[in-house]
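Here's the letter readout for the chains.
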Amino acid sequence: MNPLDNLFLASKEHSIKEAVITFFLANRIFHPKKYRTLMENDFREVFQQFELVQKVQLKVTPGSPQIQEIEDAGFNFVKFDEGKKSYIIQGINEESRNFYSFHSLKYTKWNDFISSVQAYAHSLLKIQKGSYIMAYSLNYNDEFYWKDKQCFDASLIFKQSDYIPKDILKASVLDYNLNLDKEKDGNSYFDRIAIKFQDKITQKVISVGHNITFITERDPIPLDEAVENNSKVLERLNYAHSSNKSLLKEILQEKVIEKIHL
């Protein structure tokens, strides 16, 4: 029996569990309820569900009971495929950041994903035109499953690499994170790698997360310009995509690379 017969992927064709592009906004998302109207036109044939994300705040004043205030903090659009979530668009206001994020949970190929993000971003801009981005990121989460966790051998999946310590190849349980600042064409960006080995009831779950985040050099960039063809933002997201493929080729064994069709 080939030991790699124990190894299964997140998808039939590859190991990508989720791919996410996030645009961090310089402004808040105003009136999240208004985005529901996209279900009547642009998103009518694509998404099946719209959800408001609500935040509850408690206010306490001397001598008075607690007062609960419910605030709309954002929204989710959800697409289902065969009863499972396959694509999610989020718009979220948090205390320290505001963002739009695009989550592909049934990833096919890069060109399809980036094209969908461009199209959906333009639709969001119909609701709030003046949106500017301060940063943007691409995140991939690859996931593998080892059927018989009693005979798990990390060295069959990973190879020696400058990105990971040698001890990983002997580990059974792992939570490894590496955060680096790097530079491309005179512009800095952040590169984060996260590798985990986790025991589930009947199997071992191996996940590889890779996130690259770019900060706008000077002034915030209009979102509509950022998602135009041949923009600097799309060029860098393409670079992040290529970097992810290079990383996987650097840390995974050749037989695993073949298995995920990389």
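Residues numbered from 1 in each chain as written. Predicted model: local features only at pLDDT ≥ 70, side-chain atom pairs only at ≥ 80, totals over all residues. Heavy atoms only, no water.

### Considerations on the overall build of the protein
Next, step 1: Helix and strand content of the protein: four helices and 11 strands.
Next, step 2: Based on the C-alpha atoms only, the size of the protein along its principal axes is roughly 65 × 50 × 40 Å.
Next, step 3: Expressed as a percentage of its 262 residues, the buried residues of the protein come to 45%.
Next, step 4: In the protein, the proportion of contacts linking residues at least 24 apart, taken out of those at least 6 apart, comes to 65%.
Next, step 5: Here the protein has roughly 14500 Å² of accessible surface; of this, 47% comes from carbon and sulfur atoms.
Next, step 6: With 35 positive and 36 negative side-chain charges, the protein shows a spacing of 3 Å between the two charge centroids. (Helix = DSSP H or I, 4+ residues; strand = E, 2+ residues; numbered from the N terminus. Buried < 20%, exposed > 50% of the residue type's maximum accessible area, 1.4 Å probe, protein only. Contact = heavy atoms within 4.5 Å. Areas by Shrake-Rupley, 256 points an atom, 1.4 Å probe, with all protein chains shown as cover. Lys, Arg positive; Asp, Glu negative; His and termini not counted. Charge placed at Lys NZ, Arg CZ, Asp CG, Glu CD.)

### Focus: the environment of K184
Next, step 1: Within the fold, K184 resides in strand β8 (residues 174–184).
Next, step 2: K184 sits 25 residues away from G209 along the chain, and the two C-alpha atoms are 21 Å apart.
Next, step 3: Apart from residues lying up to four places away in sequence, K184 is in contact with Y189 and Y239.
Next, step 4: Of note is the side chain of K184, whose polar atom sits 3.3 Å from the side chain of D185. (Polar contact = N/O pair within 3.5 Å; in protein donor to acceptor, adjacent residues only side chain to side chain.)

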